[in-house]
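Residue-level listing of the chains:
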Amino acid sequence: MSAQSAGAVILPRRQPSRWIGLPLIGVIIAWMIYQVLTNHGFQWTVVWHYLFEPTILVGVGMTLALTVLVMAIGIICGGVLALVRFSPGPMLPLCARAYIWFFRGTPVLVQLVFWYNLASLFPQISFGIPFGGPKLFAISATAAISSFTAALLGLGLNEAAYMAEIVRAGLLSVDRGQSEASKALGYRPAQTFRVVILPQAMRAIVPPTGNQIIGMLKYTSLASVVGLGELMQSVENIYASNFQTIPLLIVAALWYLLLVGLLSIAQSFIERYYAFGTTAGEGAR
Amino acid sequence: MNADRPMVRIDDLWLSRGVNAILKGVSLTVARGSVTALLGPSGAGKSTLLRCVNALETYDRGLIHVDDLLIGCEKRGDQYFRLGERVLSRQRAEIGMVFQSFNLFPHMTVLENIIGAPIRVRGQGRAEAIAHARDLLRKVGLSEKEHAFPKQLSGGQQQRIAIARSLAMRPKLMLFDEPTSALDPHLVGEVLHVIRDLAKGGMTMMIVTHEVQFAREVADRVAVMVDGQIAECGPAAAVLSNPQDARVRAFLSRTLRPDA
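About the cut-offs
Residues numbered from 1 in each chain as written. Chains lettered and ligands numbered in written order. Predicted model: local features only at pLDDT ≥ 70, side-chain atom pairs only at ≥ 80, totals over all residues. Heavy atoms only, no water. UniProt positions renumbered as here; feature names shortened; annotations may be inferred. Helix = DSSP H or I, 4+ residues; strand = E, 2+ residues; numbered from the N terminus. Rg over C-alpha atoms; globule rule 2.2 N^0.38 Å. Buried < 20%, exposed > 50% of the residue type's maximum accessible area, 1.4 Å probe, protein only. Contact = heavy atoms within 4.5 Å. Areas by Shrake-Rupley, 256 points an atom, 1.4 Å probe, with all protein chains shown as cover. Lys, Arg positive; Asp, Glu negative; His and termini not counted. Charge placed at Lys NZ, Arg CZ, Asp CG, Glu CD. Expected span 1.5 Å × (residues − 1). Core = buried A, V, L, I, M, F, W, Y, C linked by side-chain atoms within 4.5 Å. Pairing = 2+ DSSP bridges. Axes fitted to C-alpha atoms, helices over the stretch in contact; angles between N-to-C directions. Salt bridge = Lys/Arg side-chain N within 4 Å of Asp/Glu carboxyl O. Buried area = accessible area lost by both parts, 1.4 Å probe. Polar contact = N/O pair within 3.5 Å; in protein donor to acceptor, adjacent residues only side chain to side chain. Nonpolar A, V, L, I, M, F, W, Y, C, P; charged D, E, K, R; others polar.

Chain A carries the name Glutamate/aspartate import permease protein GltK in an unreviewed UniProt entry, which gives Acidisoma silvae as its organism. The UniProt entry for chain A carries this comment under Function (unreviewed entry): "Part of the ABC transporter complex GltIJKL involved in glutamate and aspartate uptake. Probably responsible for the translocation of the substrate across the membrane."

Dropping the structure here:
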């Protein structure tokens, strides 16, 4: 068609301003590379020496395990909270709102330290009839709450409050007509949710959840305040004794960057999976 | 089944939302194999009445029977109680509904949209469901679109798929809620054509519509609603050509000559 067209050929718009910035950016990048290679403060040999140090690798493993478990708690509890907020009757939605208000309203650092010191409030954790009735099962709180369980509870319960709002926003993003059409076809309530609503809500849930997971990977470093040996804690332990602060922070940063990079790739695959029937999946990067 | 028992029997239906009374004592019967068109100005309660018939709305007073089955509530002692959603879903499975905004599931292909309910709700085998779906796609003239997603179809095509999706459940009654109101004028014809075929096939239907000409041609009976009540109900030709009620006359003259 175009070869035969008698009309004028339209060229792309000329945008010289795009090229003006290029030398400037080139200079900045060159300076950064120069610094990285020549500034002895980076101590690349020290970085390389500690990058695969066993204690560091244990810390990486702990960071990963904590992130996975905390996000599992966050997503499951958050999903339940979101559903409770949509449930009929005034009492349950109000409880969910109160939970979200409380856990979003207090700093996660406070929550972490609180859980770690639970023993001073409840010396014994028991299961039985409340208000002084017989106990079926009891354990000392100091034994039950290790730094790992404190980190799990502190970060997980806090994350649930944020995930609840993300899931709720996702469910609200699905048109009301979808659940009506599903009901009209005779789908049961659970089928309507699982087959019709949730797959559509996922499009709005996945991107912010990816954000939360990436954030959580780094928030787990807060668990170092309760003495959990995650990546940040293992790095701190080393530079506390050898004073190579910058190189060891670089070791931590490199590991965080690698893990976040892998998560971002996984997220883009999940987003593509839910980009049904549109070109949004191919268009958006 | 007794052929002279009506398919739908609505007795003295009342519904209000907050302080607004939307239905004020509506009674209507729809005979088996007949087509009833619901006309009337917007806000008269036509769509709400239709949505009550498959229990998408909760009404305050009155009873609805479809094929002699009480819809939306059950009698315990001498009182009536609203049914739970699981029982309602079984009742709705017998009644097809087509919406103004199509409401196809955008994350499923055309075929998946159609076979979903027969497989998941009726427990039909996949092969059988697909065969029936292809049959229905042929009837609505969209055989070549079975692997398309809803967004890739025109409004008229989407609405024909929505009709096929409802028919896949082999409903005894079809409800149409302004099926052509969201369509470009040149796409209205293809949807009306499908509905006309259904009428010829003997399907019992209730159609909320603004297409007076279509109602005259396809409907056996016409009910004109004004302000939450049925102002006039009778054979299509009689009501549309010679309305007795002044409000109905006013509505029809406005609709037939919008520029007047």
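## A closer look at the overall build of chain A
Check the secondary structure of chain A and you find 13 helices and 2 strands. Here chain A has a C-alpha radius of gyration of 26 Å; the compact-globule value for 285 residues is 19 Å, and the former is much larger. Each principal axis of the C-alpha distribution contributes one length, and for chain A these read about 95 × 70 × 30 Å. Within chain A, the proportion of its 285 residues that are buried is 35%. Here the contacts in chain A between residues at least 6 apart in sequence split such that 72% fall between residues at least 24 apart. Counting only carbon and sulfur atoms, one obtains 70% of the accessible surface of chain A, whose full area is about 17300 Å². Of the side-chain charges in chain A, 16 are positive and 9 negative, and the distance between the mean point of each set is 10 Å.

## Considerations on the UniProt feature "transmembrane region" (unreviewed entry) in chain A
Residues and elements named next belong to chain A. Following the UniProt record, the feature "transmembrane region" (unreviewed entry) maps to residues 20-37, 57-86, 98-116, 136-158 and 248-270 here. Here residues 20-37 runs as 100% helix and 0% strand, with 27 Å between its end C-alpha atoms. With 70% helix and 22% strand, residues 136-158 has end C-alpha atoms that lie 29 Å from one another.

## Concerning helix α12 (residues 245-274) of chain A
The first and last C-alpha atoms of α12 of chain A sit 43 Å apart over 30 residues, in line with the 44 Å expected at 1.5 Å per residue. Tucked into the core, α12 of chain A has its buried residues touching α2 (44-51), α3 (54-86), α10 (189-219) and α11 (231-242) of chain A.

## Section: the nonpolar core
Counting residues in hydrophobic clusters, the biggest one holds 66 residues, and the most contacted among them are V8, I10, L13, L49, V66 and M206 of chain B. With 7 residues, the top contributor of residues to this core is helix α8 (residues 147-172) of chain A. Excluding anything up to four places from it in sequence, V8 of chain B contacts L28, T29, V30, V53, H65, V66, L173 and M206 of chain B. In this structure, V98, I115, I130 and M203 of chain B belong to the second largest nonpolar core, which totals 54 residues.

## A few points about unusual backbone geometry
Note: most peptide bonds trans; most residues except glycine with negative phi. Residue and element names in this part refer to chain B. Even without glycine at this site, A55 takes up a positive phi of about 60 degrees. Topologically, A55 is positioned in the loop between α1 (46-53) and β4 (61-66). Of note in the backbone geometry, E178 takes a positive phi value of approximately 45 degrees without being a glycine. Relative to the helices and strands, E178 is located in the loop between β9 (173-177) and α6 (185-200).

## Quick notes on helix α3 (residues 110-120) of chain B
At 3.6 residues per turn, the α-helix brings residues three or four places apart onto the same side. The buried fraction of α3 of chain B is high, at 8 of 11 residues. Every buried residue of α3 of chain B is accounted for by V110, L111, N113, I114, I115, G116, A117 and P118 of chain B.

## Some remarks on the sheet that holds strand β2 (residues 20-30) of chain B
Residues and elements named next belong to chain B. Read from one edge of the open sheet, 4 strands run β2-β1-β4-β5, paired in antiparallel fashion. Looking at which strands have only one partner, the edges of the open sheet turn out to be β2 and β5 (69-70). Across the sheet, α1 touches β1 (8-17), β2 and β4, and the angle it forms with β1 is around 120 degrees.

## Here we look at the UniProt feature "domain: ABC transmembrane type-1" (unreviewed entry) in chain A
Per the UniProt record, "domain: ABC transmembrane type-1" (unreviewed entry) is annotated on residues 60-267 of chain A. Summarising residues 60-267 of chain A: 77% helix, 5% strand, and an end-to-end C-alpha distance of 20 Å.

## Looking at the pattern of salt bridges
Applying the stated criterion to the full structure yields 23 salt bridges over all chains. Between D227 of chain B and K24 of chain B there is a salt bridge; the shortest N-O distance is 3.2 Å. Of this pair, D227 of chain B sits in the loop between β11 (221-226) and β12 (229-235) while K24 of chain B sits in strand β2, and the two are 203 residues apart along the sequence. Residue class for D227 of chain B comes out partly exposed when judged on its relative accessible area of 47%. Residue K24 of chain B is classed as partly exposed on the basis of its relative accessible area of 23%. Each of R176 and E180 of chain A together with R17, R51 and E57 of chain B takes part in a single network of salt bridges with overlapping partners.

## Structural notes on the interface of chain B and chain A
Counting from both sides, the interface comprises 26 residues of chain B and, opposite them, 23 residues of chain A. The junction of chain B with chain A conceals about 2100 Å² of combined surface from both sides, 61% of it contributed by carbon and sulfur atoms. Looking at the side of chain B facing chain A, the largest losses of area belong to F105, H107 and R120 of chain B, adding up to 27% of the total buried there. Counting across the chain B and chain A interface gives 1 salt bridge. The partner of E180 of chain A in a salt bridge is R51 of chain B, with the nearest N and O atoms 2.7 Å apart. Viewed at the interface, chain A and chain B are joined by 6 residue pairs in polar contact (both at pLDDT 80 or more). Looking at the side of chain B that touches chain A, the elements with two or more residues in it are α2 (85-92), β8 (95-98), α3 and α5 (155-167) of chain B. At 4 residues, the largest contribution of residues to the side of chain B that touches chain A is made by α2 of chain B. Of the residues contributing to the side of chain B that touches chain A, the split by class is 13 nonpolar, 6 polar and 7 charged.

## Brief notes about the side chain of S34 of chain B
Residue and element names in this part refer to chain B. The topology assignment puts S34 in the loop between β2 and β3 (35-39). What makes S34 buried here is its relative accessible area of 9%. Only 2.8 Å separates the side chain of S34 from the backbone oxygen of A31, close enough to count as a polar contact. Beyond its immediate chain neighbours, meaning those up to four positions away, S34 contacts M203, T204, M205 and D220.

## Quick word on the side chain of H132 of chain B
Mapped onto the fold, H132 of chain B is located in helix α4 (residues 126-139). Setting aside residues up to four positions removed in sequence, H132 of chain B forms contacts with L167, A168 and R170 of chain B.

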